[in-house]
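One-letter residues, chain by chain:
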Amino acid sequence: MLTRRQFVLAPLLLSACGGRDEPKTRPLFAADTHPDEYPTVQALHAIDRLLNERTNGEMRVRIYAGGQMGAEKDTLEITVFGGLDLNRVNLAPLNSIVPETIVLALPFLFRSIAHARAAFDGAVGRKILDAMSAQGLHGLCYYDSGARSFYNTKRPIRTPDDMKGLKLRVQNSDIYVAMVSALGANPTPIPYGEVYQALVQGVVDGAENNWPSYESARHFEAAQHYSLTRHVMAPEVLVASERRWDRMTTEEQDYLQAAAYDSVPIMRKIWDARVDAARARLIASGVQVVEEVDGPAFAELMLPVWDQFLSDPNIRALADEIVALEVTDE
Ligand code: GTR
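A short tour of the structure in this document, coming up. Nothing here was measured: the structure is a model prediction, and the numbers come from that model.

Looking at the overall build of the protein
And then number 1: Of the regular secondary structure elements, the protein holds 15 helices and 11 strands.
And then number 2: For the protein, the C-alpha radius of gyration of 20 Å lies close to 20 Å, the compact-globule estimate for 330 residues.
And then number 3: Along the first, second and third principal axes, the C-alpha set of the protein runs to 60 × 45 × 35 Å.
And then number 4: Evaluated residue by residue, the protein yields a buried proportion of 55% over its 330 residues.
And then number 5: Summarising the internal contacts of the protein: among those between residues at least 6 apart in sequence, 75% fall at separations of at least 24.
And then number 6: One way to put it: in the protein the 33 positive side-chain charges average out to a point 5 Å from where the 44 negative ones average out.

Quick word on empty space enclosed by the protein
Picture a little ball the size of a water molecule; that probe, rolled over the atoms, points out where space is still empty.
And then number 1: Tallying each qualifying case throughout the model produces three cavities of 30 Å³ or more.
And then number 2: The volume enclosed by the largest cavity comes to roughly 70 Å³.
And then number 3: Ile113, Ala116, Arg117, Phe120, Asp144, Ser145, Gly146, Met233 and Ala234 are the residues that line the largest cavity.
And then number 4: Broken down by class, the residue content of the lining of the largest cavity amounts to five nonpolar, two polar and two charged.
And then number 5: Taken as a whole, the second largest cavity encloses approximately 50 Å³ of empty space.
And then number 6: What lines the second largest cavity is Ala31, Asp32, Thr33, Tyr64, Gly67, Gln68, Met69, Gly70, Glu72, Thr75, Asn87 and Arg88.
And then number 7: If you list the elements that add at least two residues to the lining of the second largest cavity, you get strand E1 (28–32), helix H3 (72–80) and strand E3 (86–90).

So, the site of the ligand
And then number 1: For the ligand, the set of nearby residues contains 14 residues, the closest of which are His34, Glu72, Arg169, Asn209 and Glu236.
And then number 2: Side-chain polar atom of Arg88 to an oxygen atom of the ligand: 2.9 Å apart, as the coordinates give it.
And then number 3: Side-chain polar atom of Ser213 to an oxygen atom of the ligand: 3.1 Å apart, as the coordinates give it.
And then number 4: About the coverage of the ligand: the protein hides 98% of its 320 Å² of free accessible area.

Some thoughts on the packing of aromatic side chains
And then number 1: Tallying each qualifying case throughout the model produces 10 aromatic pairs.
And then number 2: Judged by centre distance (5.5 Å) and plane angle (35°), the ring pair of Phe120 and Tyr142 falls under tilted. In this pair, Phe120 sits in helix H5 (residues 113–121) while Tyr142 sits in strand E4 (residues 137–143), placing the two residues 22 residues apart along the sequence.
And then number 3: Accessibility expressed as a relative area gives 7% for Phe120, which makes it buried.
And then number 4: Centroid distance Tyr151 to Tyr226: 5.8 Å. Interplanar angle 15°. Geometry classified as stacked. Taken together, the residues span a long stretch of sequence, with Tyr151 in strand E5 (residues 148–152) and Tyr226 in strand E9 (residues 225–232) at a distance of 75 residues.
And then number 5: Residue classification places Tyr151 among the buried positions, given a relative accessible area of 1%.
And then number 6: Overall, Tyr226 belongs to the buried group, its relative accessible area being 1%.
And then number 7: Feature note: the residues Tyr151, Trp211, Tyr214, Phe220 and Tyr226 constitute an aromatic cluster, connected by ring pairs.
And then number 8: Seen from the ring of Tyr196, Arg218 lies directly overhead, with NZ or CZ sitting 4.5 Å from the centre.

A few points about the packing of helix H2 (residues 39–54) against helix H12 (residues 250–284)
For any two helices packed against each other, one specifies the inter-axial angle together with the distance between the axes.
And then number 1: Interaxial distance between H2 and H12 falls to 8 Å at its minimum, and their mutual angle equals 140°. The orientation of H2 relative to H12 falls into the category oblique. When the axes of H2 and H12 are compared, the crossing they make is right-handed. Contacts between H2 and H12 involve Pro39, Thr40, Gln42, Ala43, Ala46, Ile47, Leu50, Leu51 and Arg54 on the former and, on the latter, Tyr255, Leu256, Ala258, Ala259, Ala260, Asp262, Ser263, Ile266, Met267, Ile270, Trp271 and Arg274.

Rules and cut-offs
Residues numbered from 1 in each chain as written. Predicted model: local features only at pLDDT ≥ 70, side-chain atom pairs only at ≥ 80, totals over all residues. Heavy atoms only, no water. Helix = DSSP H or I, 4+ residues; strand = E, 2+ residues; numbered from the N terminus. Rg over C-alpha atoms; globule rule 2.2 N^0.38 Å. Buried < 20%, exposed > 50% of the residue type's maximum accessible area, 1.4 Å probe, protein only. Contact = heavy atoms within 4.5 Å. Lys, Arg positive; Asp, Glu negative; His and termini not counted. Charge placed at Lys NZ, Arg CZ, Asp CG, Glu CD. 1 Å grid on protein atoms, 1.4 Å probe; cavity = no way out; pocket = protein on both sides within 12 Å on 5 of 7 lines; lining within 4 Å. Points joined across faces, edges and corners; volume = space filled by probe spheres on them. Nonpolar A, V, L, I, M, F, W, Y, C, P; charged D, E, K, R; others polar. Near = heavy atom within 4 Å. Polar contact = N/O pair within 3.5 Å; in protein donor to acceptor, adjacent residues only side chain to side chain. Areas by Shrake-Rupley, 256 points an atom, 1.4 Å probe, with all protein chains shown as cover. Phe/Tyr/Trp six-rings, centres within 6.5 Å; stacked < 30°, edge-to-face > 60°. Lys NZ or Arg CZ within 6 Å of the ring centre and 35° of its normal. Axes fitted to C-alpha atoms, helices over the stretch in contact; angles between N-to-C directions. Parallel < 35°, antiparallel > 145°, perpendicular 65-115°, else oblique. Left-handed = near helix turned anticlockwise from the far one by under 90°.

Structure (structure tokens):
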């Protein structure tokens, strides 16, 4: 018996095995954990539109949204072996595969959204995307993910003391496990698609995410205290399978890379509007927002976490490069 996921994947796997003589027009298969209207999926639609226009329909993207291909960690494995051509994931599940990506996941690394965007768009961002090739992934671009904040079912969080003893869901990444432990709470890695259930059933007391995901995944229905800790501003990432990338002509690679870059400002516009709309809707629906959070107290507890994850001097150099970035529009 095939499982549901194997069943869904079967056509992809068959065509991925099709080799060099597959029709030129076979679309690029792309996965995203979010539903179709979410800004990251809209970015994939923008890539499809741009490729369609620029190549007269020769290059297209077929999007499998809503997590139908599985959790991000699993879809990344599928991408590495070529069952998916494109994958939009958060940076977190890449942390254990590509050590350089840890840098962008460091808590309290970015001073502002402008600082984060300057890092994603600049030389240091490109270096980290290029490091992915060693692991079978071609890094195409970053998308915004705003700032992540803690929310929970129990109480407002203002200081690290308020975190004590809370059981909190984290993404599948060692640095986030260490971050939540250092804050005195108990981290539990759970795939995104299972967090709502875990909150409702009390398996965890809370989680952390940006406004759009907190709303889209309905976590706010169960966890009403949203504290603006803004502890992480790690980006979303679009990767291609190196297997597929290497089979493309240079011209096709150029079209795909250009469409990916050009989708970034399109996504940012959709993203900014979505953050504002989600925040307004959630506040109107009764979510308790805690604005006054002791940021410096949280940041101070992150120093050992930085040291632990920056023990490799090459990785530390990337973090230093980001900290030293001068940003005019901050
Ligand atoms: C969201 C992100 C997703 C997923 C999710 C999570 O902000 O867009 O790709 O990583 O967070 O918390 O797992």
